[in-house]
Amino acid sequence: MSRKRPTVADLRAMKGKRQLTMLRVLTMDEAEAAERAGVDIVSVPPELLLNPQYRDAAPSLFTMPGDNFYEIGTADDFVRWAFRLYKASADAVYCSAGFATVKRLADDNIPVIGHVGLIPSRATWTGGFKAVGKTADSAMQIFDAVKQYEAAGAIGAEIEVVPVEVAKAISERTSLIMLSMGAGTGCDAQYLFADDILGQNRGHMPRHSKVYRNFAAEYDRLQAERIAAFSEYVADVNSLAYPQDKHVLHMDPDQLGQFVEKIDAG
């Protein structure tokens, strides 16, 4: 039996009742795998959702396209961007721009997910790529941001690399759906990147990530096989082992004779 795609109202009703699962997926294969594995929410690049085949692969995933605010532009640009994605079946959009932009989207009935804590696109304001909210004052700034998202009309917020105690206290005091990336189980959903889960990431692994497979090694094996196959092909061409008779087509001898006579006569 296929699952029903959750609505915003469904997610709100589940707040505090169970942990939701969320992934950042980049490809159609990953989206289909998330669907079949029973993942609840996915964050996707806009172009993936705009693929006409996306909902065939992921009919029940609550899907949130997003991009960095500086890639999209002003509030007017965000509205045009969001309308196009909402029409393409987005369930919500991610927005790391200012609260005024979030309000503009919400006023036009677009469900919006904000971002608090470590926000990579704005990390310069909080000292770079490190935990946020480790002091009472900085934790209060996160709480204030959550309340501003509430006032702006957002439906939820990603909360990234924040102490678990802070994230839990905030989640208990907000109506927003809180999506935890390294902020513990006191929130409403656990959020990881598919690249990390699959072991595709060859660079720095965040503290909150967990690797379940080693796709990098498999890709290395496949690349070695690819090089070997190409090398064998080159050797076959050089030695005239390719093409063999089974790889080509022959002409009827009578027709061939007529053809040769014609070109010689010409």
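Residues numbered from 1 in each chain as written. Predicted model: local features only at pLDDT ≥ 70, side-chain atom pairs only at ≥ 80, totals over all residues. Heavy atoms only, no water.

**Some remarks on the overall build of the chain**
Moving on, step 1. The number of helices and strands found in the chain is 12 helices and eight strands.
Moving on, step 2. Taking 18 Å as the expected radius of gyration for a compact globule of 266 residues, we find that the chain reaches 26 Å, considerably beyond that expectation.
Moving on, step 3. If one aligns the C-alpha atoms of the chain with their principal axes, the spans along those axes are about 90 × 45 × 40 Å.
Moving on, step 4. Relative to its full complement of 266 residues, the chain shows a buried share of 41%.
Moving on, step 5. Residue pairs at least 24 apart in sequence account for 51% of intrachain contacts in the chain once pairs closer than 6 positions are excluded.
Moving on, step 6. By element, 55% of the accessible surface of the chain is carried by carbon and sulfur atoms, the whole surface being about 15,500 Å².
Moving on, step 7. Each charge class in the chain can be summarised by its mean position, and for the 29 positive and 35 negative side chains these summaries are 10 Å apart. (Helix = DSSP H or I, 4+ residues; strand = E, 2+ residues; numbered from the N terminus. Rg over C-alpha atoms; globule rule 2.2 N^0.38 Å. Buried < 20%, exposed > 50% of the residue type's maximum accessible area, 1.4 Å probe, protein only. Contact = heavy atoms within 4.5 Å. Areas by Shrake-Rupley, 256 points an atom, 1.4 Å probe, with all protein chains shown as cover. Lys, Arg positive; Asp, Glu negative; His and termini not counted. Charge placed at Lys NZ, Arg CZ, Asp CG, Glu CD.)

**Remarks on the side chain of arginine 55**
Moving on, step 1. Looking at the secondary structure, you find arginine 55 in helix 4 (residues 54–57).
Moving on, step 2. Of the polar contacts made by the side chain of arginine 55, one reaches the backbone oxygen of leucine 61; its length is 2.8 Å.
Moving on, step 3. A polar contact is formed between the side chain of arginine 55 and the side chain of aspartate 91, at a distance of 2.9 Å. (Polar contact = N/O pair within 3.5 Å; in protein donor to acceptor, adjacent residues only side chain to side chain.)

**As for the pairing of strand 5 (residues 112–117)**
Moving on, step 1. Strand 5 sits mainly inside the fold: six of its six residues count as buried.
Moving on, step 2. Bridging between strand 4 (residues 93–94) and strand 5 involves two bridges; their strand directions are parallel. Its bridge partner lying in strand 5, valine 93 is registered against valine 112.
Moving on, step 3. What joins strand 4 to strand 5 is helix 7 (residues 99–107), and the crossover it makes is right-handed.
Moving on, step 4. In the sheet, strand 5 pairs with strand 6 (residues 156–160) via five bridges, with the strands oriented parallel. Along strand 6, the bridge assignment pairs glycine 117 with glutamate 160. (Pairing = 2+ DSSP bridges. Right-handed = clockwise from strand over helix to strand, strands pointing away.)

**Let's talk about the nonpolar core**
Moving on, step 1. Residues Val42, Tyr54, Leu105, Ile159 and Met178 are the most contacted members of the largest nonpolar core, which totals 54 residues.
Moving on, step 2. When residues in this core are grouped by element, the largest group, seven residues, is from helix 8 (residues 136–152).
Moving on, step 3. Residues contacting tyrosine 54, with those up to four places away along its chain left out, are Met28, Ala31, Val42, Val44, Leu48, Leu49, Leu61 and Thr63.
Moving on, step 4. Residues Ala92, Ile119, Leu179 and Ala189 belong to the second largest nonpolar core, which totals 17 residues. (Core = buried A, V, L, I, M, F, W, Y, C linked by side-chain atoms within 4.5 Å.)

**Some remarks on the packing of helix 7 against helix 8**
Moving on, step 1. With their axes 8 Å apart at the nearest point, helix 7 and helix 8 run at an angle of 30° to one another. Taken together, the axes of helix 7 and helix 8 are roughly parallel relative to one another. Crossing angle aside, the handedness with which helix 7 passes helix 8 is right-handed. Counting all contacts with helix 7, which are made through Phe99, Val102, Lys103 and Ala106, the residues of helix 8 involved are Ala145, Gln148, Tyr149 and Ala152.
Moving on, step 2. Of the residues belonging to the contact of helix 7 with helix 8, the class tally is six nonpolar, one polar and one charged. (Axes fitted to C-alpha atoms, helices over the stretch in contact; angles between N-to-C directions. Parallel < 35°, antiparallel > 145°, perpendicular 65-115°, else oblique. Left-handed = near helix turned anticlockwise from the far one by under 90°. Nonpolar A, V, L, I, M, F, W, Y, C, P; charged D, E, K, R; others polar.)

**Some thoughts on unusual backbone geometry**
Moving on, step 1. Looking along the chain, the bond that leaves tyrosine 242 and enters proline 243 is cis, with omega of 0°.
Moving on, step 2. The residue proline 243 is located in the loop between helix 11 (215–239) and helix 12 (253–265) in this model.
Moving on, step 3. In this structure, serine 89 takes a positive phi of about 95° despite not being glycine.
Moving on, step 4. Among the structural elements, serine 89 can be located in the loop between helix 6 (75–87) and strand 4.
Moving on, step 5. Note on serine 89: relative accessible area 18%, which makes it buried.

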